[in-house]
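# Working through the structure, step by step
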Amino acid sequence: MLSPSTVREYTSILRNLPDSFKKKDISNIDDYELQKFVNEHSLTHAPKTTANVYGFIRAVIQLFNPRMNISATLPQKRRTDAYTPTVEDVKRILEEVKDTDYYVPIFLATMSLRCSEICALTIDDLHGDNITIDKAYVRSNNGWTLKPCPKTDASNRTITLPHDLAERIREQGYVFKYLPYQIDKKLYRVQKKLNIPKFGVHRLRHFFASYAHDLKIFSNAQIQEIGGWSTSEIFERVYRHSMNTDDAKAEIANKFSF
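As a convention, each chain's residues are numbered from 1 in the sequence order in which they are written. In keeping with the predicted nature of the model, local features appear solely for residues at pLDDT of at least 70, side-chain atom pairs appear and are counted solely at 80 or more, and the whole-chain, interface and lining totals rest on all residues. With hydrogens and water excluded, all non-hydrogen atoms of the structure serve as input to the side-chain values.

### Let's talk about the overall build of the protein chain
Spelled out, the test is: Here a strand is any run of E in DSSP of at least two residues, a helix any run of H or I of at least four, and the numbering for each starts at the N terminus. Categorising residues by exposure relies on relative accessible area from a 1.4 Å probe, with only protein chains included: less than 20% of the type maximum marks a residue as buried, more than 50% marks it as exposed, and the intermediate range marks it as partly exposed. Two residues form a contact once any of their heavy atoms are found within 4.5 Å. The method behind every accessible area is Shrake-Rupley, applied with a 1.4 Å probe, and residues are considered shielded solely by the protein chains displayed.
A tally of regular secondary structure across the protein chain gives 12 helices and 5 strands. When the 258 residues of the protein chain are sorted by exposure, 40% land in the buried category. For the protein chain, the share of sequence-separated contacts (at least 6 apart) that also reach a separation of at least 24 residues comes to 64%. Surface summary for the protein chain: the accessible area is close to 14,700 Å², and the carbon and sulfur share equals 48%.

Right under this line is the structure:
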């Protein structure tokens, strides 16, 4: 029922829990013991990591003893001011990689695709200028695994690509041959060469949302749908533009022809 990457994360959490905590009888873990663990864990881990471990522990306890309702105060999240690339940054990066295997995946990332979605795509997913996203390539306990559906139900979608990008994929006969983390490694090298602030490939999803919003021809709901975000993640369905979704997809392809 769980994603292979989620199982891998849970296995990692369990492996890294201190033996002194893992050996405790569940019935002996109260608010005090849980808070003590959270305090100690937060000294050497980021707030988000501590929150993930805390959530895992509570889920296990409540599964085996539903009547237990214990909780702890989590460390305050740190505000991160991660760099979001500009249109000029994106143009320079794409120009730098235009003759490499990384042009297509980085371009697709600017159009909202996650690395896991990009690496799962095949030539069979391309129909005309439309490409269907309905699977993901994720890391599991047994290595890299093809997951039959992306991150959320909203992630299953079809987007329209710039015609030249679709043609390039057809000509080369594939989307990307390598593993997801290699896109980040290439991007970091290019950023260093071009003296562009460092950011990960996933940040290009933020670029997509920001740029599409700034064009002022798409509603939040259309950007949300094209980008494959769930309602609770980023965009609320506040209003709908008069442009229908198919027209919006075509316009996205036109505007993202860098």
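### Considerations on the nonpolar core
Heads up, the condition is: Residues enter a nonpolar core if they are buried and are Ala, Val, Leu, Ile, Met, Phe, Trp, Tyr or Cys, with the set joined through side-chain atoms within 4.5 Å.
Core analysis: the biggest nonpolar cluster contains 46 residues, and I106, L108 and L161 have the highest contact counts within it. Looking at this core, the elements that each hand over two or more residues are α5 (87-96), α6 (103-110), α7 (115-120), β2 (130-133), α8 (163-172), α9 (180-194), α10 (203-214) and α11 (220-227).

### Brief notes about unusual backbone geometry
In this structure, S112 is a non-glycine residue whose phi angle is positive, near 95°. Considering the arrangement of structural elements, one finds S112 in the loop between α6 and α7. Its identity as a non-glycine residue notwithstanding, N195 has a phi of 60°, on the positive side. In this fold, N195 is placed in the loop between α9 and α10.

### Some remarks on α11
Of all 8 residues that make up α11, 7 are buried, and the element is covered over most of its length. Within α11 the residues assigned to the buried category are N220, A221, Q222, I223, Q224, I226 and G227. Positioned one or two residues after α11, G228 has a phi angle of 75°, which is positive.

### Focus: the environment of T6
Mapped onto the secondary structure, T6 falls in helix α1 (residues 4-16). Counting along the chain gives 134 residues from T6 to S140, while the straight-line C-alpha distance between them is 7.9 Å.

### Brief notes about the pattern of salt bridges
Opposite charge on two side chains permits them to pair, given that their charged atoms come into close proximity. Heads up, the rule is: A pairing counts as a salt bridge when a side-chain nitrogen of Lys or Arg comes within 4 Å of a carboxyl oxygen of Asp or Glu.
Under the criterion given, the structure shown has 10 salt bridges. Across the pair E117 and R157 runs a salt bridge whose closest N-O atoms are separated by 3.1 Å. Of this pair, E117 sits in helix α7 while R157 sits in strand β5 (residues 157-160), and the two are 40 residues apart along the sequence. With a relative accessible area of 1%, E117 lands in the buried category. One salt-bridge network, in which partners are shared between bridges, spans R114, E117 and R157.

### Looking at the packing of aromatic side chains
Convention followed: Classification of ring pairs rests on two measures: the distance between centres of Phe, Tyr or Trp rings, Trp counted by its six-membered ring, which must be within 6.5 Å, and the angle between planes, read as stacked under 30 degrees, edge-to-face over 60 and tilted in between.
Tallied over the full model, the rule gives 10 aromatic pairs. Aromatic side chains Y103 and F107 sit 5.7 Å apart centroid to centroid with 75° between the ring planes, which places their arrangement in the edge-to-face category. Of this pair, Y103 and F107 both sit in helix α6, 4 residues apart, which is roughly one turn of the helix. In this structure Y103 comes out as buried when scored by relative accessible area, which is 16%. For F107, a relative accessible area of 3% gives the class buried. What links up through ring pairs into an aromatic cluster is the set Y102, F176 and Y178.

### Regarding the pairing of β2
Inclusion rule: By this definition, two strands are paired if DSSP reports at least two bridges between them.
Burial of the side chains of β2 is restricted to one face: I131 and I133 are buried, whereas none of N130 and T132 on the reverse face is. Where strand β1 (residues 126-127) and β2 come together, 2 bridges link them in antiparallel fashion. In the sheet register, H127 faces β2, and the bridge partner there is N130. Pairing of β2 with β5 involves 4 bridges; the strand directions are antiparallel. Bridge pairing in β5 places N130 opposite T160.

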